[in-house]
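Chain by chain, the residues run as shown.
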2 protein chains.
Amino acid sequence: MTERWVYSFDEMRDAKRDAGNDWEAVRALLGGKGANLADMSALGIPVPPGFTITTKACIEYQALGEHIPEGLWEQVEDALTRVAAVTGRTFAEPSNPLLVAVRSGAQFSMPGMMDTVLNVGMNDHIVDGMIENTGDARFVLDSFRRLLQMFGTVVLGVPSEEFEKVLSSARNEAGTDNELDEAVLRSLTTSFKSLIDASASQPFPTDPTSQLHDAVEAVFRSWHSRRAYDYRQASGIDHNLGTAVNIVAMVFGNAGPASGTGVVMSRDGTTGESAIEGDYLMNAQGEDVVAGSRPTKPIADLVSEVPECALELFATARLLENHYRDMQDIEFTIENGRLWILQTRSGKRTAQAAVKIAVDLANEGLITRDEALLRVSPDQIDTLMHPQFTAQDLASKPVFARGLNVSPGAAVGIAVFNPDLTQQWSSQGHHTILVRPETRPEDVHGMLSADGILTATGGRTSHAALVARQFGKPAITGADIEIDLLARTVTSEGTTIHEGEWLSLDGATGTVYQGKLATTAAEVGNDALSTLLAWADQRRVLKVRANADDSLEADRARKFGAEGVGLCRTEHMFFDSDRLPIVQRMILATSEAEQRAAIEELLPIQRQDFIGLLQAMDGLPVVIRLLDPPLHEFLPSRSELNRQISELERQLPEADLNQKTTDLTDLTNTRTLLARVETLSESNPMLGLRGVRLGLKLPHLTHMQVQAVVEAAAEVARDGGNPRPEIMVPLVGHHNELAQQRAMIHATITETETRLGTNVPVRIGTMIEVPRAALTCEQIVEHADFLSFGTNDLTQTTFAISRDDAESAFLADYLDTGILDKNPFSTIDASGVGRLMRIAMRDAQKTAPNIEVGICGEHGGDPESIKFCHQTGFSYVSCSSYRVPTARLAAAHAALEGNPTPRNTTSLSAIGTS
Amino acid sequence: MTERWVYSFDEMRDAKRDAGNDWEAVRALLGGKGANLADMSALGIPVPPGFTITTKACIEYQALGEHIPEGLWEQVEDALTRVAAVTGRTFAEPSNPLLVAVRSGAQFSMPGMMDTVLNVGMNDHIVDGMIENTGDARFVLDSFRRLLQMFGTVVLGVPSEEFEKVLSSARNEAGTDNELDEAVLRSLTTSFKSLIDASASQPFPTDPTSQLHDAVEAVFRSWHSRRAYDYRQASGIDHNLGTAVNIVAMVFGNAGPASGTGVVMSRDGTTGESAIEGDYLMNAQGEDVVAGSRPTKPIADLVSEVPECALELFATARLLENHYRDMQDIEFTIENGRLWILQTRSGKRTAQAAVKIAVDLANEGLITRDEALLRVSPDQIDTLMHPQFTAQDLASKPVFARGLNVSPGAAVGIAVFNPDLTQQWSSQGHHTILVRPETRPEDVHGMLSADGILTATGGRTSHAALVARQFGKPAITGADIEIDLLARTVTSEGTTIHEGEWLSLDGATGTVYQGKLATTAAEVGNDALSTLLAWADQRRVLKVRANADDSLEADRARKFGAEGVGLCRTEHMFFDSDRLPIVQRMILATSEAEQRAAIEELLPIQRQDFIGLLQAMDGLPVVIRLLDPPLHEFLPSRSELNRQISELERQLPEADLNQKTTDLTDLTNTRTLLARVETLSESNPMLGLRGVRLGLKLPHLTHMQVQAVVEAAAEVARDGGNPRPEIMVPLVGHHNELAQQRAMIHATITETETRLGTNVPVRIGTMIEVPRAALTCEQIVEHADFLSFGTNDLTQTTFAISRDDAESAFLADYLDTGILDKNPFSTIDASGVGRLMRIAMRDAQKTAPNIEVGICGEHGGDPESIKFCHQTGFSYVSCSSYRVPTARLAAAHAALEGNPTPRNTTSLSAIGTS
């Protein structure tokens, strides 16, 4: 007995039985589209009659060396006979011909990758018969033209441009598609046939059955097309699944005044409101709706035109939404007063709508709260946290340049090339885009004032990118632009923008637009969002903290739901313009006394910073990291100083006497500074004198920072607050480093508390950001009250990749060529860095089973990395404040993962185009 | 019954019995010296009578809060009575008094750490009696003076300087020690007594028994002195062992013309020749021999002075050597024609003597070959590989500066400040010392021409240090010197050396001497050394290869016993002055054609290099690493180019018209070069575009290098050789990198072999030098025929420490403050880096159980690291050619470790001063 290769849409029961009553197996057998059409058919929804050739047939076809399996054509013929019976039309019968669409449909949606041929079953005879039957020659000829074109391209391999060329010259004569008259269409079919004769290896088959057979084989073969292969490769879809083929009776929305076609959404895809939405056209075909050649009408109007169909359509939309338990995007056609549903799928929606729909569906009892959580992706939350451009503007404004999409959101402002000027203009109420070759810590004030940041160099984790994400500023780095800082211009592909001219940045895509695009504001107070995140909080196990360096940021983070500060980078406080001179004095001090004096001057400033933070996070833990970066980051760069010296030297001979004296002093000072900078400079600063190495080398500084923490905590406590400071030591690689630094810290705490007569508990922990620390965690944890993985540096050292250098030099290539499938600076590299983290976690727990372990790198806001942290048993993740809502949802997803979800939720993902 | 606290020297049998017949337990009980004296006594060797108070007594004394355990003094009195009986003298009896030495003696030798008091048992009465008895007032008073001085210092805590002050003013009046006459000595004893009365908390005890008791307690207490504690801490000796106390009858070599004293060695400690050697003085005390106040006589002369004693002494020396199975250093005294052996211990020897003695003892059948191997430390072999300064010169020449002892050996030459000039002067036959602030790859020709290298900056693994060790050049880096490159001077502590003046470097100690010191040449062809290394080869499991970049080095390495090349750094070939311009052209190429042309030009040069290497290592594997360093290392530095530009700009206004044109062109070219250098520059080049990242980015270069290898192998094979090339890919962090690079390499091999019609197997492997590679070895090994740990980079990345930056900035502090106990760049950090290596090894063997694994970092020549490699199951180590003999022995030691060695070999280490 031959295998069963074919199932009619109304044979869902058979398919289910043969697939062991498993919905995924049905989809594997019939493909997503086929399963879906059969499913609707079983629900009594009017889908055009048709049948599916199984994926197994495709696999067998390939296995036989591209030969049709035994019995397939016979089963197709039987199924076609049944379709004929239902429609009352007969395939290849000129008087009342049945036409069919031949559509691919794999198990997993591969949009646009595979082939479709419509109107199969026509030839000159049948055209004549149809014209006679319908009296609509233009419609019939146009359908034939489309068959020739699609068949020629898909089955016979004629380049589609060849058809387009002929078509557009005909259009040029006649206007749009719709208005091609009978004569033009008739000559077009002739031209298309000649084109096929000339270009293809075989002529167009006039026999309808041959057309059908050839089209089916073409779809089978398209599974192994280059583009389908690449798509599967990129999406991780198995190459051995094969595709099903759906053969569906054609229905025509352009069959007269009681015909029409359109699209309906069961809810509003933009706002998420629970209201039917859509467009339609009477006496038209689907393509006409999409092409916009005629103005469409709002779906509500359908009620007055074809009331019964309209009511049936709305009821069907509701039915399908209930059935698939999600908002549906439905294609329909009305043929002579009869409604046909051609396709239904889960509707596309904005992030805002996604949240509202999920919450509403749960509140309506259609899905559970857990399902609602899983319906929204963490990335959608992220999108919600930033303003967006409008779709119209994106389409209409000229693209100026492209770069790396390092920090999402839309920013519009005038180009400024200097951080000071940015600050000045912004304070005057201008919107600004800071444009720099690259950014440095001393540019931060400009970056914070700007609406967006654009740089010519720098990767995904460059300074600009990190700061931008931290502060939720849209930013594009490594853009294809040339900056002339003297002329104050930025140029890309021949277009030059001067300072003061408008630029718009789409941080989500990395696109720079010339001019001023409109934006829509972020909806952060969104009610549905609060509800959803509250549900997430009930589910998640991981705590979510924020990286915050000051009280403003801490306030914002707390509003977004942060449960403490996981990382306060004290050095960011040092870069403030009123503090940097003191810090520089400390570094350049020539005596210990001078150095101590500068450090003392920093004490009240730091204390005030910490008071703000501890107040903002009252009752919640605040992790304060001791100074981390190498000292030369606080000084001007060597090249800048060299430039200044050259400049001064050049001016010297021309200056008058007074000026000369001043210049000479400047020159000497600058040279001294340069010498100091040279001394401090390191060949690999990332691996140099920083972190705990600095803390041990400059005990006064450590002392001052710890003293500031303790004094701040004492003051907050005195005012009735509940401060929970935690001190974190960075870059520890050996437990002895931590032991010595901890002893210093402990001594200062005791001394300060004794002096103040207070007693606020201060925990002391360390970062695990050096491979050796991870490998020796069993010892390190003996000296730590908590651990926090610094995954940025841990990734750099584990990969031996310097982020800034690598991203432009080779990391992008690595992602392109598939050496890496993900940027390890965005998502934790589970097999390398992650393995080290698991080793560390396991070893730490040997010594201290209940040790609190968190993560405070960039990865703390990345959903996949959050999942990793959940699975590895961490206590919390810490991320930038804007990422906190994202992290809350991602943590809930991580907790829900592995919990079985009901069958219907799974079937949901079956719905889609293929 | 009270415990037994005391054993006389002739009660070895009791001690053995009480210690369970275990020699180590005897040493633990009696201390090394006591056990040794008892041992000699049992052998019938004439040691002065005496006894040992056990270590247990010391421990009990401490446990009782510094109180003498019950029964101890009684047992001491009994033992003292036995000594009196043997000597015929009586303690505290003025007419014929017994004097004793009270000496500490712990289980493990702690030279100079603990206390000794001689001549115990004297007071004014006894002095009178002794003078009457001996008729030698000067001798008796001098002995009393010494007792007062030692007792005052050790027991009563008077600062030794106080005594020295009084003594030296007396000496100033009278000349040397020996010539102090009776009157002076008598007044000295009075002064010393007054000094004690004035400074000490208690007066000098005139009762001999009190002296003895106080001295014993002082020795007990000295176990807990600060210096003894620190020494134990540093040597890893248990603080709870306690010390024994030996009480020995004094014998006097200055008792008349038939008395004398001296030292005899059973073999020559300088050359290792098997001939008795030593010095003596008649009518003198041991201190006189050491002080050199009178000229000593060669030991052979003793035969004519006291023939019987001489023959007995020589026989005893032979006996002791046979008994302890090692060359002995023996102290003896002849008192009135009677020989006394005061001490024997394993004799100090030069590295050369160590080798010869070990081999001779084995050949004489006294020790096994395995023992001979263990008698020589790998560091001694290392010392043998370099020329040495003579001891006289080291003592007499002025020290100019000190730095890091990064590459051992003695170098003498004139200071030169420029690599080109170094090359020029060296080629003219001058000996040169290249003096530079630091060295860069482009200085290598100068470094290779120089006799030694001295730099102001750079650590143990700086460029200068690495290259110097690689080529066996003595070098000192990070010295406390200031270099003025314009004035061509180097200054340290006020002394300035000009170019052309003589400097001498002791690379073994890091000392720089002013002037020209004499050296003795290295004995590399030493017969005994070859024999020893051949024995080592029979024992070791690890293979030893060499790091060699050219045929000269490979030849040398092979002579030293290398079994292949473990690392050929192809980039070293690129730095040659005739090649660098081509390499620079390749880097600076503005078109692919230009780049390929430069690469093509390098092909024949590389091929020739590889032919040389493969011929030198005919039949042995040669691992060729593809280009590793970042490209900017081949270009001038930014600061150098900036300097050139400033210079050209300065000259421009003053130049004439023709010159101006030339200058302008130069200026433009230099600016272009600078721009390119800026583009290539990286913030952390160590973590940047290098290794396989470069190999993937510049496929033409990879192709050229592989082609050169295959063509070279083909040519060597054609000439009848047996080439075994292996290609190694550096800096792999992800298995996909290796997979892609391997595919490139494989394609080139196939293509080249097909073209040439040859078929020489070429293995393809990779370095494991990035933590991620170690963590994912299970995958990486799927694409590798062999693995080689690059422990330099692996240490840098695992610690997140850049060697060059760290060593001057904080690593030295870390070693000082005990954060690190060893420099991880010298010895593999077993708990961090080593753990990663063990993980990698275990995982690699899961996939490929027989994978060949080696190590090619600096650690490959470090004995402790070699032991680690042996234990971890590596196949080979690779080190610089000069280190190959060291590594051969170290590998044998590693293999022998854990094998039990016979009892007497262990007892050997018991012998020493304490």
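Scope of this entry: the structure provided in the associated data block.

Conventions used here
Residues numbered from 1 in each chain as written. Chains lettered and ligands numbered in written order. Predicted model: local features only at pLDDT ≥ 70, side-chain atom pairs only at ≥ 80, totals over all residues. Heavy atoms only, no water. Salt bridge = Lys/Arg side-chain N within 4 Å of Asp/Glu carboxyl O. Buried < 20%, exposed > 50% of the residue type's maximum accessible area, 1.4 Å probe, protein only. Axes fitted to C-alpha atoms, helices over the stretch in contact; angles between N-to-C directions. Helix = DSSP H or I, 4+ residues; strand = E, 2+ residues; numbered from the N terminus. Parallel < 35°, antiparallel > 145°, perpendicular 65-115°, else oblique. Left-handed = near helix turned anticlockwise from the far one by under 90°. Contact = heavy atoms within 4.5 Å. Expected span 1.5 Å × (residues − 1). Arc of directions from axis to C-beta. Pairing = 2+ DSSP bridges. Least-squares fit on C-alpha atoms with pLDDT ≥ 70 in both. Buried area = accessible area lost by both parts, 1.4 Å probe. Polar contact = N/O pair within 3.5 Å; in protein donor to acceptor, adjacent residues only side chain to side chain. Nonpolar A, V, L, I, M, F, W, Y, C, P; charged D, E, K, R; others polar.

Counted by the stated rule, this structure contains 104 salt bridges over all chains. Between D628 of chain A and R625 of chain A there is a salt bridge, and its shortest N-O distance comes to 3.8 Å. Per residue, the accessibility class of D628 of chain A equals that of R625 of chain A, and both read buried. Linking E305 of chain B and K297 of chain B is a salt bridge whose minimum nitrogen-to-oxygen distance equals 2.6 Å. With relative accessibility at 34%, the residue E305 of chain B sits in the partly exposed group. Judged by its relative accessible area of 33%, K297 of chain B falls in the partly exposed class. Taken together, the salt bridges that share partners define one network made up of R4, D10, E11, D14, R17, D18 and R82 of chain A.

All names here are of chain A. Packing of helix α14 (residues 351–363) against helix α21 (residues 527–539) brings their axes to within 9 Å, and their N-to-C directions diverge by 65°. Comparing the axis directions of α14 and α21 gives the class roughly perpendicular. In the packing of α14 onto α21, the handedness of the crossing is left-handed. Residue-level inspection shows V355, K356, V359, A362 and N363 of α14 in contact with α21, the latter providing A528, L529, T531, L532 and W535.

Right, let's talk about helix α13 (residues 307–324) of chain A for a bit. Residue and element names in this part refer to chain A. Taking 1.5 Å per residue as the helical rise, α13 with its 18 residues ought to reach 26 Å, and the 25 Å between its terminal C-alpha atoms agrees with that figure. The set of residues buried in α13 consists of C309, A310, L313, T316, A317, L320, E321, H323 and Y324. For α13, the angular spread of buried residues about the axis comes to 160°, placing them on one side. Turned more than 90 degrees away from the buried face of α13 sit E308 and L311, all of them exposed. Just downstream of α13, R325 is the residue with a positive phi angle, here 55°.

For the rest of this paragraph, the subject is the pairing of strand β2 (residues 50–53) of chain B. Residues and elements named next belong to chain B. Alternating positions in β2 separate into two faces, G50 and T52 on one and F51 and I53 on the other, with burial throughout. Two elements, strand β1 (residues 6–8) and β2, share three bridges in a ladder whose sense is antiparallel. Directly across from S8, in β2, lies its bridge partner F51. Direction of pairing for β2 relative to strand β7 (residues 243–249): antiparallel, over a ladder of four bridges. Residue G50 lies in a different strand from β7, and its bridge partner there is V248.

Glancing now at the relation of the copies chain B and chain A. Rotating chain B by 179° and translating it 0.4 Å along the rotation axis places it on chain A, where the RMSD comes to 0.4 Å. As the rotation angle and translation indicate, the two copies are arranged about a two-fold axis. Comparing interface residues between copies, 100% of those in chain B also lie at the interface in chain A; the contact surface is shared.

So, about the packing of helix α26 (residues 638–651) of chain B against helix α27 (residues 657–680) of chain B. Relative placement of two packed helices is described by the angle separating their axes and the distance separating the axes. Residue and element names in this part refer to chain B. The geometry of α26 relative to α27 is characterised by a closest axis approach of 10 Å and an angle of 155° between their N-to-C directions. If you check the angle between α26 and α27, you find them roughly antiparallel. For the pair α26 and α27, the crossing hand works out as left-handed. When α26 is examined against α27, the residues R638, L641, N642, Q644, I645, L648, E649 and Q651 are found in contact with a partner set consisting of D663, D666, L667, T670, R671, L673, L674, V677 and E678.

With that settled, consider the sheet that holds strand β18 (residues 452–455) of chain A. Residue and element names in this part refer to chain A. Spatially, β14-β24-β23-β16-β17-β18-β19-β15 is the arrangement adopted by the eight strands of the open sheet, whose pairing is mixed. Here the strands that pair on one side only, and so sit at the sheet edges, are β14 (399–402) and β15 (404–407). Taking the axes of each pair of neighbouring strands and ignoring which way they run, one obtains an average angle of 30° across the sheet. Both β15 and strand β19 (residues 475–477) contribute to a ladder of three bridges, which runs antiparallel. Counterpart to N405 in the pairing with β19 is I476. Of the strands in this sheet, β16 (410–416) and β17 (432–436) are in contact with helix α18 (residues 419–427), which crosses β17 at around 180°.

One frequent convention defines the size of an interface as the accessible area lost when the parts assemble. On the side of chain A, 49 residues touch chain B, which itself brings 49 residues to the contact. Broken down residue by residue, the surface that chain B buries against chain A is led by L687, R772 and I819 of chain B, which jointly contribute 15%. Here chain B is connected to chain A by six salt bridges. Two residues, D829 of chain A and R772 of chain B, come together in a salt bridge whose shortest N-O distance is 2.7 Å. If you look at where chain B meets chain A, you find 32 residue pairs in polar contact (both at pLDDT 80 or more). Those elements giving two or more residues to the side of chain B that touches chain A turn out to be α26, α28 (692–697), α30 (735–756), α31 (771–775), α33 (791–799), α34 (803–816) and α35 (833–847) of chain B. Considered class by class, the residues forming the side of chain B that touches chain A number 19 nonpolar, 16 polar and 14 charged.

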